[in-house]
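Architecture and fold: a report
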Amino acid sequence: MNLFGRKKAEPPPPPTSNAGPTVSASSTLNAITKLRDAGDTLDKREDYLNNKIKKETDEAKKFMGQGKKSQALQCIKRKKMYEGQVEKIGQARLNLETQQLALEQLNLNKEVVEAQREGAKTMASVTAQMGGVDAVDDTMGTARAEGGGVPPSGRVR
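Residues numbered from 1 in each chain as written. Predicted model: local features only at pLDDT ≥ 70, side-chain atom pairs only at ≥ 80, totals over all residues. Heavy atoms only, no water.

The helix and strand tally for the protein chain stands at 3 helices and 0 strands. From first element to last, N terminus to C terminus, the protein chain shows the α and β order α-α-α. Per-residue burial for the protein chain yields a buried fraction of 15% across its 157 residues. Looking at the protein chain alone, contacts between residues at least 24 apart form 70% of all its contacts between residues at least 6 apart. Total accessible area computed for the protein chain in this model is approximately 13100 Å², and 57% of it derives from carbon and sulfur atoms. (Helix = DSSP H or I, 4+ residues; strand = E, 2+ residues; numbered from the N terminus. Buried < 20%, exposed > 50% of the residue type's maximum accessible area, 1.4 Å probe, protein only. Contact = heavy atoms within 4.5 Å. Areas by Shrake-Rupley, 256 points an atom, 1.4 Å probe, with all protein chains shown as cover.)

Our focus in this paragraph is the pattern of salt bridges. By the definition in use, this model includes 6 salt bridges. Across the salt bridge formed by R36 and E104, the nearest N and O atoms sit 3.0 Å from each other. Here R36 is found in helix α1 (residues 25–66), whereas its partner E104 is found in helix α2 (residues 69–129), with 68 residues between them in sequence. Here E104 falls in the partly exposed class, since its relative accessible area comes to 28%. Each member of the salt-bridge network shares a partner with another, and the members are D43, E46 and R93. (Salt bridge = Lys/Arg side-chain N within 4 Å of Asp/Glu carboxyl O.)

A separate point is the environment of T33. Note that T33 resides in helix α1. The exposure class assigned to T33 is partly exposed, which follows from its relative accessible area of 39%. Placed 67 residues apart in sequence, T33 and Q100 show a C-alpha to C-alpha distance of 8.8 Å.

What follows is about the side chain of E46. The residue E46 is located in helix α1 in this model. Within polar-contact distance, the side chain of E46 engages the side chain of R93 at 2.3 Å. The contact partners of E46, leaving out residues within four places of it in the chain, are V86, I89 and R93. (Polar contact = N/O pair within 3.5 Å; in protein donor to acceptor, adjacent residues only side chain to side chain.)

Take a look at the structure:
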């Protein structure tokens, strides 16, 4: 019995596939490209803010030379605000670079796994051509039996 409101909806059943959503290589490369573009945008913004910081510093010095302390103080406050934005941009750039490196590492891991998968398929194919694992084992046993007293290292006693 529910006293307050409607009955809660049951959660949807979990997906039956364990593979998860498929991501193509092009979407990963697009994500890396977008991260690089965002980094370039942050670089431009940082340059702009650094120019503003220099301008505010120069104006503050000029106002102090003229004896206008309140206007110089306003320039220093704006400079501090711009410096805070530059710091935030630095953190954002670090986050972007971290994501970019993670995506590049995932791409590399994906290529390695695909190469290993291909190698395993080739090894299974060659083993099947030789008659399977049992046939290879029988052949090795026969070779050992016919080899006489020759140890596996190939040295003669």
